[in-house]
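Residue-level structure breakdown
Here are the chains, one letter per residue:
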Amino acid sequence: MGLNSTPSAERIHIGFYGLRNAGKSSLVNRITNQDMSVVSEVKGTTTDAVKKSMELLPLGPVVIIDTPGYDDEGKLGELRINSTKKVLNSCDIAVLVTENTVLNDTENELIGIFKSRAIPYLIAHNKSDLNGFEANTKTEIYVSSTENKGINELKEAITNNVNIKAKTVRFVADFVKRGDVAVLVTPIDESAPKGRMILPQQQAIRDLLDANAVAIVTQVEELSVTLNKLSEPPALVVTDSQAFAKVMKIVPDSIPLTSFSILMARYKGFLTSALKGANEIDNLQNGAKILICEGCTHHRQCEDIGTVKLPNWLRDYTKKELNFEFTSGHAFPDNLSEYDLIIHCGGCMLNDNEMKSRLDTAEAAGVPITNYGTAIAHINGILKRSTEMIK
C-alpha cells in the first residue's frame, strides 16, 4: 500500500443486508459500477461477506460490504448468519435491501439489531420496477438494480445518514512541533514485510510530515550512530515494540521513548484499557488462559511475535505455566469468559467500530485486555517511561 492510499481501517464501512435474492449483490454492483459480487437467481449465491474499497463521493474513501442472506438455512447457513452479524461490528451505516413493500419478521429482526447497536440504517426497496416506485423518504429509498434507477438517490441518502466521527487524536504529530526531529526505529528482520513498511510506521511518517516535523528512520543496529550524528537530542524516539529491550538501553532517559503499538492503542482509543490490562500480567497464575489476537491475516514466520515471541516472553517473565489461544483477522470469540487476559495487536487493520466492539465485549465479560506494545513494555519494565508523555 502506498503512502497516498487510505487504509481500510480509516474508511467509512457501508454494509448491505437483507434476505437471499433480495438483490443485494445486484445493487452493490450498481453502487460500485463493478461486478463486485456474483449475481444469480439461485438463493444463497453470496456465501461470504465481499468487500470493496472505493471512493464514494462526496463521502470519500469507503468500504462496501455485500453480506450473505440473513435467512440462510441449515448449519452452514447459521454460520453465515453469524458471520453476517459480525460484519456489523465494523459498519458505520447499514443498508437493508428488500423486495417487500412491508418488511417481514426476519427483516424487522435485522432492523432491531441495527437499532440495538446504534448503527444508522436505510431501507432500499429494490426491484421497484416490478413492485412500483413510491416517494422516497429520508431513510427509505426506492431503487431498481435492473433499470439503474434510484442509485444516485441511495448514494445521497447514505451520505446524509452516515454518522461521520471526526478523528480528534493524531497518531504522533501532537508530540512534536515544526522542525522537531523524531527518530523511528523500524527493524527489518525476517518478520518484516518484503518491500514495504507496516501501516503504523507509514502513519507515523506521514503524520510527522503533516506537522512539518522531521522523521528519521533507522534500524536498531544503527540507532546509536543516528543519535550521535544529531546536533541535538530528538523530540522523541518511537520503536517497534519487539525492539524495546535493546532500544531502551540506547536511548537516554532524558529522551521520550514509546512504540508504534502504544501510539496505535492511543489512536484507537483503548490506551487506558491497555495499561490496566498490562498490569494484570503480574496476577497471572499457573494454568491461566490467554487469548492473543491479530487483526490481520499475514503469513506467520518462525519467529512470529503473536504466536511465538509473546508467549515465550510471558512465560519467562511470569515463571508460570500459561495456555494460549490465537485468533486472526476478523475472528473474535463471542464468549470470552474462559480467558484470564486478552492481548491484542495494535489493531491497525481494524476500524474504530470493530475495535470498540472488541473492547466492549471484553469489558462485559470482565476480562482484562491489553495490546502488544503495552504488554511488551511492562515485561521490560519500561511501561511508565513509554507512556508517561502520551497518557
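Shown above is the structure to which this text applies.
Residues numbered from 1 in each chain as written. Predicted model: local features only at pLDDT ≥ 70, side-chain atom pairs only at ≥ 80, totals over all residues. Heavy atoms only, no water.

**Some words on the packing of aromatic side chains**
Going by this rule: Pairing of aromatic side chains requires ring centres within 6.5 Å, counting the rings of Phe and Tyr and the six-membered ring of Trp. Pairs whose planes differ by under 30 degrees are stacked, by over 60 edge-to-face, and all others tilted. Per-residue accessibility, obtained with a 1.4 Å probe over protein chains only, is compared with the maximum for each type, and a residue is labelled buried under 20%, exposed over 50%, and partly exposed between these values.
Under the definition given, this model contains 4 aromatic pairs. Seen in terms of ring centroids, F324 and F326 are 6.5 Å apart; in terms of plane orientation they differ by 15 degrees. Their pairing is stacked. Looking at F326, the relative accessible area reads 37%, which means it is partly exposed. Through successive ring pairs, a cluster of aromatic residues spans Y17, F114 and Y121.

**Points about the side chain of K24**
The cut-off we apply is this: Elements are defined by DSSP. Helices are runs of H or I of four residues or more, strands are runs of E of two residues or more, and each kind is numbered from the N terminus. Positive charges are assigned to Lys and Arg, negative charges to Asp and Glu, while His and the chain termini are left out of the count. Salt bridges are defined as contacts in which a side-chain nitrogen from Lys or Arg sits within 4 Å of a carboxyl oxygen from Asp or Glu.
Locating K24 in the fold gives a position in helix α1 (residues 24-32). With no salt bridge to any partner, buried K24 finds its closest opposite charge in D66, at an N-O distance of 5.3 Å.

**Digging into the environment of D174**
What counts, and what does not: Here a polar contact is taken to be a pair of N or O atoms separated by no more than 3.5 Å, where protein atoms must pair a possible hydrogen donor with a possible acceptor and residues adjacent in sequence count only if both atoms sit in side chains.
Summarising the element assignment, D174 is placed in the loop between α5 (151-161) and β7 (181-185). As for D174 and D207, which are separated by 33 residues in sequence, their C-alpha atoms are 9.2 Å apart. Polar side-chain contacts of D174 include one of 2.3 Å to the side chain of R266.

**A short note on unusual backbone geometry**
Residue K127 is not a glycine yet carries a positive backbone phi of 60 degrees. Position of K127 relative to the elements: it lies in the loop between β5 (121-125) and α4 (128-131). A positive phi angle, near 60 degrees, is found at N212, a position not held by glycine. Residue position: N212 is located in the loop between α6 (199-210) and β8 (214-218). Classification of N212 as partly exposed rests on a relative accessible area of 39%.

**With respect to the pairing of strand β4 (residues 93-98)**
Just so we agree on the cut-off: Crossover handedness is defined here as right-handed if the route from the first strand over the helix to the second strand goes clockwise, with the strands pointing away from the viewer.
Counting buried residues along β4, 6 of its 6 residues qualify, which places the element largely inside the surrounding structure. Because side chains alternate across β4, one face comprises the buried residues I93, V95 and V97, and the other comprises A94, L96 and T98, equally buried. A crossover links β4 with its parallel partner β5, the connecting element being helix α3 (residues 105-116), and its sense is right-handed.

**Re the nonpolar core**
How we decide: The definition of a nonpolar core used throughout is a set of buried Ala, Val, Leu, Ile, Met, Phe, Trp, Tyr and Cys residues joined through side-chain atoms within 4.5 Å. What makes two residues a contact is simply this: any of their non-hydrogen atoms within 4.5 Å.
Counting 71 residues, the largest nonpolar core has V237, V247, I290, I342 and I343 as the members making the most contacts within it. Residues contacting V247, with those up to four places away along its chain left out, are V185, V220, L223, V237, T239 and L257. By size, the runner-up hydrophobic cluster in this structure holds 24 residues, among which are L56, L59, L154 and A157.

**Some words on the sheet that holds β4**
What counts here: DSSP bridges decide pairing: two strands pair if at least two such bridges lie between them. Every axis in this analysis is a line fitted to C-alpha atoms, fitted for helices over the stretch in contact. Angles between the N-to-C directions lie between 0 and 180 degrees.
Strand order across the open sheet formed by 6 strands is β2-β3-β1-β4-β5-β6, with mixed pairing between neighbours. Edge strands, defined here as strands with exactly one partner in the open sheet, are β2 (50-56) and β6 (140-142). Within this sheet the neighbouring strands show an average axis-to-axis angle of 25 degrees, counted without direction. Bridge count between strand β1 (residues 12-18) and β4: 5 bridges; the pairing is parallel. Within β4, the position partnered with Y17 by the bridge is L96. Against the sheet, α5 contacts β1, β2, β4, β5 and β6, and its axis sits at roughly 170 degrees relative to β5.

**Structural notes on the packing of α6 against helix α9 (residues 260-268)**
For the record, the criterion: Note that the term roughly parallel is reserved for angles under 35 degrees, roughly antiparallel for angles over 145, roughly perpendicular for angles of 65 to 115, and oblique for everything else. Three residue categories are used. Nonpolar comprises Ala, Val, Leu, Ile, Met, Phe, Trp, Tyr, Cys and Pro, charged comprises Asp, Glu, Lys and Arg, and polar comprises the others, including Gly.
Running from N to C, α6 and α9 cross one another at 75 degrees; their axes reach a closest spacing of 10 Å. The orientation of α6 relative to α9 falls into the category roughly perpendicular. Here P200, Q201, Q203 and A204 of α6 come into contact with α9, specifically with F260, M264 and Y267. Classifying every residue of the contact of α6 with α9 by side-chain character gives 5 nonpolar, 2 polar and no charged.

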